[in-house]
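Analysis of the macromolecular model
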Amino acid sequence: MAGGNERSMRALKEVWKRAENSLCADCGKPDPEWASSTLGVFICLSCSGIHRNIPSISKVKSLTMDLWDDAQVQFLAKHGNAVTKATYEAHIPIYYYQPTYNDCQVLREQWIRAKYERKEFTEPGKQLPYSDGVKEGILWKRGRDNGQFLPRKFLLSEREGCLKYFTKQDAKEPKINVKIDVINATFQPEKIGNPNGLQITYLKDNKTRNIFVYHESGKEVVDWFNAIRSVQFHYLKVAFPIASDNEIKNRLTRNFLKEGYMEKTGPKQREAFKKRWFTLDHRRLMYFKDPLDAFAKGEVFVGSRENGYSVQKGLPSGTQGNFSWHYGITIVTPDREYLFTCETETDQLEWIKAFTSVINQAMTPQEYASKCQDALSFPS
């Protein structure tokens, strides 16, 4: 018996060492240490927990702590990540968001359930709940003034190219009507305080407006997210007919580069530093008094190095404003310097890395135009 187990483990390690099995089949995390004996995929610890919640589909075992018999190892050898993906990921719509290990639980869980439980991507042309070009339903929306989440009707329409929401079910006119090309959506479970929390942002008078929503069903909120991406994709295909599908895909919903608290001072650099919540959305650095504010109190455009923008560690010598955090950052622009402080050195280095990634990218013609339109200010 012992010899049989040793033989199985040696064979298991050989399959495990294949290049195709070096990343988690579901989220791409390196060095997966678990596998599904019924699906034949190698997965990470986090995704194995999701698989355990669908036991009728997937049986998971540790590659290092559990015993594997010959039949199970042969099944893994016959399948593996490449073969299994060829079946369960054969027909993923290009706009569908495929989460990574950095994404939140609800996105990863619904991705796994969509693949193996609902088999959404096994057949070409399959009708999907986010591919109709129209989606209507109730989302719980946070009130701008009172902070309460109340049910609101939302309507997404590819034909009209917009997203609307109504304060009442039978309302004739929407509270908002937003063009689909100015919308972004990002999952924010921690900030919203709900595992299915979604932040929808859009531009209004060239300023960013935030809407915070959630749904009790993880599937429903992820369907809304992918429906927005679907409508955006088809809208942009018409607007930019010579662009490739991948170029358009890269213009769909995006995660914020960095969010968190910093202190800031005013343009005279003598005012007391105030603690604010900052969001870096590519070239827009916005700050809010509260993370769930509907509107930013100020925005600043972060341009490219070749246009005179840079980020420096620390504050200029002789800075006079009072500040309680001591890890400074200076953003240099052609017009002025912006001064911030962070609570920890880790925060400081993460913000500097995020700013540097933006500043090192050349500006597009659209970004030049946006900067000229905005004339963005950064009030105190």
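No experiment lies behind these values; they were computed from the predicted model shown. (Residues numbered from 1 in each chain as written. Predicted model: local features only at pLDDT ≥ 70, side-chain atom pairs only at ≥ 80, totals over all residues. Heavy atoms only, no water.)

What follows concerns the environment of Thr-356. Note that Thr-356 resides in helix 9 (residues 345-359). Overall, Thr-356 belongs to the partly exposed group, its relative accessible area being 22%. Polar contacts involving the side chain of Thr-356 include one to the main-chain carbonyl oxygen of Ile-352, which spans 2.7 Å. (Helix = DSSP H or I, 4+ residues; strand = E, 2+ residues; numbered from the N terminus. Buried < 20%, exposed > 50% of the residue type's maximum accessible area, 1.4 Å probe, protein only. Polar contact = N/O pair within 3.5 Å; in protein donor to acceptor, adjacent residues only side chain to side chain.)

Our next topic: the UniProt feature "domain: Arf-GAP" (unreviewed entry) in the protein. The residues that UniProt annotates with the feature "domain: Arf-GAP" (unreviewed entry) are residues 6-129. The span residues 6-129 shows a helical share of 40% and a strand share of 6%, and its end C-alpha atoms are spaced 47 Å apart. (UniProt positions renumbered as here; feature names shortened; annotations may be inferred.)

We now examine the domain arrangement of the protein. As assigned here, the protein comprises domain 1 (1-117), domain 2 (134-250) and domain 3 (258-377). Taking only C-alpha atoms into account, the centre of domain 1 sits 33 Å from that of domain 2. If you look at the interface, domain 1 gives eight residues, while domain 2 gives 17 residues. Buried area between domain 1 and domain 2, both sides added, is near 1100 Å², and the carbon and sulfur share of it is 73%. Sorting the residues of domain 1 by area buried against domain 2 places Ile-94, Tyr-95 and Val-106 first, and these three jointly supply 54% of that buried surface. One can count zero salt bridges joining domain 1 with domain 2. For the interface between domain 1 and domain 2, the tally reads two residue pairs in polar contact (both at pLDDT 80 or more). Within the side of domain 1 that touches domain 2, the residues separate by chemical class into seven nonpolar, one polar and no charged. (Domains from an automatic or database assignment. Contact = heavy atoms within 4.5 Å. Buried area = accessible area lost by both parts, 1.4 Å probe. Salt bridge = Lys/Arg side-chain N within 4 Å of Asp/Glu carboxyl O. Nonpolar A, V, L, I, M, F, W, Y, C, P; charged D, E, K, R; others polar.)

Moving on, we get to the pattern of salt bridges. If you walk through the whole model with that rule in mind, you get 19 salt bridges. Of the charged contacts, one joins Asp-245 and Lys-237 as a salt bridge, the two residues approaching to 2.7 Å between their closest N and O atoms. Its salt-bridge partner being Glu-299, residue Arg-284 comes within 2.4 Å of it at the nearest N-O pair. With a gap of 15 residues between them, Arg-284 in strand 13 (residues 284-288) and Glu-299 in strand 14 (residues 298-301) connect regions that are remote in the sequence. Since its relative accessible area comes to 11%, Arg-284 is described here as buried. Looking at Glu-299, the relative accessible area reads 4%, which means it is buried. Within the structure, one salt-bridge network assembled from shared partners comprises Asp-26, Lys-85, Glu-89 and Lys-115.

On to unusual backbone geometry. Backbone geometry at Asp-31 places phi at a positive 60°, although glycine is not the residue there. Residue placement: Asp-31 occurs in the loop between helix 1 (2-16) and strand 1 (34-36). We classify Asp-31 as exposed; its relative accessible area is 61%. Of note, the phi angle at His-282 is positive, near 55°, even though the residue is not glycine. With respect to the helices, strands and loops of the structure, His-282 is situated in the loop between strand 12 (274-281) and strand 13.

Here the focus is the packing of helix 5 (residues 105-117) against helix 7 (residues 218-239). Where helix 5 contacts helix 7, the two axes come as close as 10 Å, and the packing angle between them is 90°. Classified by the angle between their axes, helix 5 and helix 7 sit roughly perpendicular to one another. Here Val-106, Leu-107 and Gln-110 of helix 5 come into contact with helix 7, specifically with Gly-218, Lys-219, Val-221, Val-222 and Phe-225. Split by residue class, the contact of helix 5 with helix 7 holds five nonpolar, two polar and one charged. (Axes fitted to C-alpha atoms, helices over the stretch in contact; angles between N-to-C directions. Parallel < 35°, antiparallel > 145°, perpendicular 65-115°, else oblique.)

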